[in-house]
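Report on the structure
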Amino acid sequence: MKYYSTNRLAPLATLEEAVVKGLAGDKGLYMPEKIKALPSSFFEKMKDMSFQEISYVVADAFFGEDVDADTLKQIVYDTLPFDAPVVHVNNSIYSLELYHGPTLAFKDVGGRFMARLLGHFIRKQGKKEVNVLVATSGDTGSAVANGFLGVPGIHVYVLYPKGKVSPIQECQFTTLGQNITALEIEGTFDDCQALVKTAFMDKELNAHMQLTSANSINVARFLPQAFYYFYAYAQLAKIGKADNLVLCVPSGNFGNITAGLFGMRMGLPVKRFIAANNRNDVFLQYLQTGIYTPRPSVTTIANAMDVGDPSNFARILDLYGNSHEAVCEKISGCMYTDEEIAETVKSTFTETGYLLDPHGACGYRALKEQLKEGETGVFLETAHPAKFKDTVEAIIEEPVEIPGKLQEFMKGTKQSIGLQKDFEGFKSFLMNC
Ligand SMILES: *Cc1c(COP(=O)(O)O)cnc(C)c1O
């Protein structure tokens, strides 16, 4: 399968090139040339298949031409030793809990898959070591670091803003050691991201070491996120609730929802999608006006969605032939303030006993407000509420229990290297690695 750039100015790439490069040479995002429709027999059988079995069928449609069947199966099975259960919350609303992986957030799926696929290409080609640079405000760094931990031939550098990441998040990527190096930058998340972007463009640095990115622009991180949409459908089909399905996705960079839209294009019977936003609502503005105006992000209590210029917007436009009308036919939006998010976490907990995290709360509330008669709604619960312990405890005025996996990270010793935010210092550190 070949991959083209959304800007259409870069040459077509192989899967391997797209994964190793991340972003295309013309700064566009890679898209697969074909999106294969899956046979109706698959959708009929699906309710009797496991998460891993379903995911392998989907992975084969994306990657089967480029990765031999045994290897691909191994990658999928190693990526998913955990479940993504659909849990009933209230009326016709269900939660797809994507937080049963090692770092308790949905990004574990893409992080683990990408690590294994990139590791496969490096072994196959006998390539020199590849270095992954990732800037994080919290969740991405932990999912990528844990996904790549111990993968031979790959070294990961996680850049994070000093003092601006919660202690629970910080320990998930600073205590690992091995092939993971945490760089604590004197600056903001934007400074970290700028360092990474400048590094990718620096000729001397790229001659010294092979660099790649691991955010949701990378096809190996983003496409595997389609797996759990199919699995959610299968679980609802099993209980006879799969008709008129509405999927609601708390969105920041829009990688997660775009993977779902790919699933729909492959034949997954979904009626429509809702993109839930916090106050960073440039996508909702686009739906309402047809004009896309990126703007600087503002800080909210659902901080993994604090994105002012969602990178996967280009993929959504491409998927719908740049037609605003076509996008609006399949996707609607909404925006919630911090007060509304907090109110939703609180009232849902009191009324149903279900504890939402601030991101999932946007998804749940959107379904509560927008679901029509006869529709079944599933929102993606993108992270475990304990990852946002202080925020959630302040809202529900009760202690939140920390799962064992998180407690283990908190017992580790922090190892990080402090750096200033200037590029020259960062570059000379990497040149000496
Ligand atoms: C990353 C993240 C999101 C946003 O996902 P996108 O793919 O960037 O839209 C939502 N919730 C949580 C908890 C996240 O970590």
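Read on for an overview of the structure. Being a predicted model, the structure only gives us computed values, none of them experimental.

So, how was this worked out
Residues numbered from 1 in each chain as written. Predicted model: local features only at pLDDT ≥ 70, side-chain atom pairs only at ≥ 80, totals over all residues. Heavy atoms only, no water. 1 Å grid on protein atoms, 1.4 Å probe; cavity = no way out; pocket = protein on both sides within 12 Å on 5 of 7 lines; lining within 4 Å. Points joined across faces, edges and corners; volume = space filled by probe spheres on them. Nonpolar A, V, L, I, M, F, W, Y, C, P; charged D, E, K, R; others polar. Salt bridge = Lys/Arg side-chain N within 4 Å of Asp/Glu carboxyl O. Helix = DSSP H or I, 4+ residues; strand = E, 2+ residues; numbered from the N terminus. Near = heavy atom within 4 Å. Polar contact = N/O pair within 3.5 Å; in protein donor to acceptor, adjacent residues only side chain to side chain. Areas by Shrake-Rupley, 256 points an atom, 1.4 Å probe, with all protein chains shown as cover. Phe/Tyr/Trp six-rings, centres within 6.5 Å; stacked < 30°, edge-to-face > 60°. Buried < 20%, exposed > 50% of the residue type's maximum accessible area, 1.4 Å probe, protein only. Pairing = 2+ DSSP bridges. Axes fitted to C-alpha atoms, helices over the stretch in contact; angles between N-to-C directions. Contact = heavy atoms within 4.5 Å. Core = buried A, V, L, I, M, F, W, Y, C linked by side-chain atoms within 4.5 Å. Right-handed = clockwise from strand over helix to strand, strands pointing away. Parallel < 35°, antiparallel > 145°, perpendicular 65-115°, else oblique. Left-handed = near helix turned anticlockwise from the far one by under 90°.

1. Side note on empty space enclosed by the protein
Taken as a whole, this structure holds one cavity of 30 Å³ or more when the rule is applied. Taken as a whole, the largest cavity holds about 30 Å³ of empty space. Lining the largest cavity, in full, are S251, G252, F254, N277, N280, D281, V282, F283, V307 and P310. By residue class, the composition of the lining of the largest cavity is five nonpolar, four polar and one charged.

2. Side note on the pattern of salt bridges
All chains considered together, the criterion is met by 17 salt bridges. The salt bridge partner of R272 is E375, with a shortest N-O separation of 2.9 Å. Residue R272 is found in strand 10 (residues 272-277), and its partner E375 is found in the loop between helix 17 (358-370) and strand 12 (376-381); the two are separated by 103 residues along the sequence. Residues joined in a network through salt bridges with shared partners are K34, K36 and E65.

3. Some details on the site of the ligand
The ligand sits among 15 residues. The nearest are K107, G252, N253, F254 and T382. The separation between an oxygen atom of the ligand and a polar main-chain atom of N253 is 2.8 Å. Within the backbone of F254, one N or O atom sits 2.8 Å away from an oxygen atom of the ligand. When the ligand sits alone it has 380 Å² of accessible area, and the protein chains cover 97% of it. Tallied by class, residues from the shell around the ligand come to six nonpolar, seven polar and two charged.

4. Describing the packing of aromatic side chains
Taken as a whole and assessed by the stated rule, the structure comprises 21 aromatic pairs. On the basis of an interplanar angle of 75° and a centroid distance of 6.2 Å, the ring pair of F283 and F313 is categorised as edge-to-face. Of the two residues, F283 is situated in helix 13 (residues 282-289) and F313 in helix 14 (residues 313-319); the sequence distance between them amounts to 30 residues. Relative accessible area serves as the criterion here: at 2%, F283 is assigned to the buried category.

5. Some thoughts on the sheet that holds strand 3 (residues 86-90)
With mixed pairing, the six strands of this open sheet are ordered in space as 3-4-12-9-10-11. Only two strands of the sheet have a single partner each, and these edge strands are strand 3 and strand 11 (331-335). If you compare each strand with its neighbour and ignore which way they point, the axes differ by 25° on average. Bridge count for strand 4 (residues 93-97) against strand 12 is five bridges, and the pairing is parallel. Bridging from a neighbouring strand, L96 pairs with L380 of strand 12. Contacts from helix 13 reach strand 10 and strand 11, with the element oriented near 125° to strand 11.

6. Comments concerning the layout of surface pockets
In this structure, the second largest pocket spans a volume of roughly 230 Å³. Taken together, 15 residues make up the lining of the second largest pocket; nearest its centre are S166, K387, F388, K389 and T391. Contributions of two or more residues to the lining of the second largest pocket are made by helix 7 (167-174) and helix 18 (389-396). Residue classes in the lining of the second largest pocket are distributed as six nonpolar, five polar and four charged.

7. Here we look at the nonpolar core
Ranked by size, the top nonpolar core spans 140 residues in total, and within it F63, L118, F148, F230, F273 and F283 carry the most contacts. If one sorts the elements of this core by residue count, helix 11 (residues 227-238) sits on top with nine residues. For F230, the residues in contact, after removing those within four places along its chain, are L38, F42, F43, M46, I54, V58, G263, M266 and L268. In terms of nonpolar packing, the next biggest core, distinct from the first, is built from 18 residues, L159, L183, C192 and F426 among them.

8. Looking at the pairing of strand 9 (residues 245-250)
The buried count for strand 9 comes to six of six residues, which makes it a mostly enclosed element. The side-chain alternation of strand 9 yields two buried faces, one formed by L245, L247 and V249 and the other by V246, C248 and P250. Pairing geometry for strand 9 and strand 12, over four bridges, is parallel. From the neighbouring strand, V246 faces strand 12, where its bridge partner is G377. Across five bridges, strand 9 lies against strand 10 in parallel orientation. Residue pairing across strands places V249 opposite A275, the latter belonging to strand 10. Where the polypeptide runs from strand 9 across helix 12 (residues 255-265) and back to strand 10, its parallel neighbour, the crossover connection is right-handed.

9. A few points about the packing of helix 3 (residues 51-63) against helix 11
The contact between helix 3 and helix 11 brings their axes to 9 Å, and the two run at 130°. Relative to helix 11, helix 3 is oriented oblique. Here helix 3 and helix 11 pass one another in a crossing that is right-handed. Together, F51, I54, S55, V58 and A59 of helix 3 and F227, Y228, F230, Y231 and A234 of helix 11 make up the contact between the two elements.

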